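Structural features, examined
For reference, the chains in residue letters:
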Amino acid sequence: MPAPERIPSRSLTDTELLTLLTDGTLTVLGQVGGASNAVLHCTIAYEGEERTCAYKPVAGEQPLWDFPDGTLAQREVAAYEISRATGWDLVPPTVLREGPYGQGMCQLWIDGPAEDPPELLALVEDDEPGEGWKAVGYADVGGGRTALLVHADDPRLRRLAVLDAVINNGDRKGGHLLPAPGGLLYGIDHGVTFNADDKLRTLLWGWAGEPLTEEALRVLALLAGELAAGEPLATRMAQLVTAAELEALRARVAGLLDGRVHPKPSGQWPPIPWPPV
C-alpha cells in the first residue's frame, strides 16, 4: 500500500470539505491492513481540490450479532453528525456516499502533526498516575506483572469521553485517537456506536464519577434541544440509526444532564476494549 500523502494545510470550510467528500471522484490507492472490516485508502478530487480519505464500503462489513440493524457506515456518519452538533469537531468530516465498491462511509484522512505529538496514553509502574495523568486501571504486561494504565488529563480527551458517553461508543481504543496539526485531536472508527443497550467500552475512564465541566453541560443542553422531535439533527439521525437507538441517544443525553457526572463502568462486561490499541 502506498504511504499516505500529506493533506495540504486546511483551507476549505467544513461545508466545502463535505461537498468534496460527497461529490468528489474516489480513486482507491490501497487497503488499510489490520482492520476488522474493509478500509480503503483513497484520494478524492473535486473542482481542482484533492485530499486523501478513508472509504469503508458496506459490502466489506462483517455482520455483528448485537448490531443487526443498519450499517457500520451509517453509525460512523451519525457519530460525525453528533460531534459536529457539539461544536467540538472531534470526528473528521464524514459522509455516506456511493463509491467504487458500493455505498459506504467516506471520511477525511487525518495526517499527524509534523512535530512529535504529546503522549496521551502510558503504562506506569507506580500505583498513582502522577501529575497531569488520570488512572484507568491495571493492565497485565506479561510475566505475572501489571502496570497502571493512564491517560493524559487533557481537555480534548475529556470532551471525547463525553462524546463517547453520548454516542455509546463500544470501542474507544488508543489507536482511534489521532493528534493532528494545530493541536487538534480526532477520534475515528465509530462503527459500533448508538446501541440501545449500554455498550460503553473505552480507555478514557479517568474521569469516571467526576463532575462534568460547565462547558460539557452547556453543550449537552444544546444537544438535547437539537435532538428534539422535528429538529433538523433529530431528522438526520432518524435516517442513520433506528428509532429505539434515537430514543436511547436522547435518554443518554438527559441522563448526563441529570446526573452531571461522567459515567462509570456498568460492571456487566469488561469496560476496556480488547486489544486496547
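A brief structural summary. On a predicted model such as this, the values are computed, not experimentally measured, just so you know. (Residues numbered from 1 in each chain as written. Predicted model: local features only at pLDDT ≥ 70, side-chain atom pairs only at ≥ 80, totals over all residues. Heavy atoms only, no water.)

**Points about the pairing of strand β10 (residues 184-187)**
As defined by bridge partners, strand β9 (residues 177-180) adjoins β10 across four bridges and the pair is classed as antiparallel. From the neighbouring strand, alanine 180 faces β10, where its bridge partner is leucine 184. The antiparallel hairpin formed by β9 and β10 contains three residues in its connecting segment, where glycine 182 sits at a positive phi of about 80 degrees. (Pairing = 2+ DSSP bridges. Helix = DSSP H or I, 4+ residues; strand = E, 2+ residues; numbered from the N terminus.)

**Some remarks on the side chain of glutamine 74**
If you trace the backbone, glutamine 74 turns up in helix α2 (residues 72-86). Setting aside residues up to four positions removed in sequence, glutamine 74 forms contacts with Leu96, Gln239 and Leu240. (Contact = heavy atoms within 4.5 Å.)

**Regarding the sheet that holds strand β8 (residues 145-152)**
Within the open sheet, the three strands sit side by side as β6-β8-β7. Their pairing is antiparallel. The sheet is open, and its two borders are formed by β6 (121-124) and β7 (133-142), each paired with just one other strand. Within the sheet, the average angular offset between the axes of one strand and its neighbour, ignoring direction, is 30 degrees. When β6 meets β8, the two strands line up antiparallel, connected through four bridges. Across the sheet, alanine 122 pairs through a bridge with valine 150, a residue of β8. (Axes fitted to C-alpha atoms, helices over the stretch in contact; angles between N-to-C directions.)

**Details of the nonpolar core**
The biggest cluster of nonpolar side chains holds 62 residues, and the ones touching the most others in it are Ile82, Leu157, Val166, Phe194, Leu227, Met237 and Leu249. No other element matches the eight residues that helix α3 (residues 155-167) contributes to this core. Each residue touching leucine 157, except ones within four places of it in the same chain, is listed here: Leu120, His151, Ala152, Leu177, Leu185, Leu204 and Trp207. (Core = buried A, V, L, I, M, F, W, Y, C linked by side-chain atoms within 4.5 Å. Buried < 20%, exposed > 50% of the residue type's maximum accessible area, 1.4 Å probe, protein only.)

**Some details on the pattern of salt bridges**
Between side chains of opposite charge, a pair can form when the charged atoms approach closely. As enumerated under the stated definition, the model contains 15 salt bridges in all. The partner of arginine 75 in a salt bridge is glutamate 245, with the nearest N and O atoms 3.2 Å apart. With arginine 75 in helix α2 and glutamate 245 in helix α6 (residues 243-259), the pair connects residues that are 170 residues apart, well separated along the chain. Assessed through its relative accessible area of 8%, glutamate 245 is described here as buried. Among the salt bridges present, the one from arginine 158 reaches glutamate 210, with a minimum N-O distance of 3.9 Å. One end of the pair, arginine 158, is in helix α3; the other, glutamate 210, is in the loop between β10 and α4 (214-226), with 52 residues separating them in the sequence. (Salt bridge = Lys/Arg side-chain N within 4 Å of Asp/Glu carboxyl O.)

**Some points on unusual backbone geometry**
Positive phi values are uncommon outside glycine, yet glutamate 47 reaches one of about 50 degrees. Its location among the elements puts glutamate 47 in the loop between β2 (40-46) and β3 (49-57). Under the relative-accessibility criterion, glutamate 47 is labelled exposed at 68%. The residue asparagine 168 is not glycine, and still its phi comes out positive at about 60 degrees. Structurally, asparagine 168 is set in the loop between α3 and β9. When its relative accessible area of 2% is taken as the criterion, asparagine 168 is described as buried.

**Description of α4**
Counted at 1.5 Å a residue, the expected span for α4 with its 13 residues is 18 Å, and the 19 Å between its end C-alpha atoms agrees. Buried residues of α4: Ala216, Leu217, Val219, Leu220 and Leu223, and no others. Viewed along the axis of α4, the buried residues span an arc of 160 degrees, placing them on a single side of the element. In this structure, α4 carries Glu214, Arg218 and Leu222 as exposed residues pointing more than 90 degrees from its buried face. (Expected span 1.5 Å × (residues − 1). Arc of directions from axis to C-beta.)

**Re the sheet that holds β2**
Working definition: the strands of a sheet are paired by backbone hydrogen bonds and lie parallel or antiparallel to each other. Spatially, five strands are ordered β1-β2-β3-β5-β4 in an open sheet, and the strand pairing comes out antiparallel. Among the strands making up the open sheet, the edge pair consists of β1 (25-31) and β4 (94-99). With direction set aside, neighbouring strand axes in the sheet form an average angle of 40 degrees. When β4 meets strand β5 (residues 102-108), the two strands line up antiparallel, connected through six bridges.

**Quick notes on the environment of threonine 71**
Along the chain, threonine 71 falls in the loop between β3 and α2. Considering only alpha carbons, one finds threonine 71 and alanine 147, 76 residues apart in sequence, at a separation of 37 Å. Residues within four places of threonine 71 in sequence aside, it is in contact with Val58 and Glu61.

Geometric values such as these leave the question of function open.
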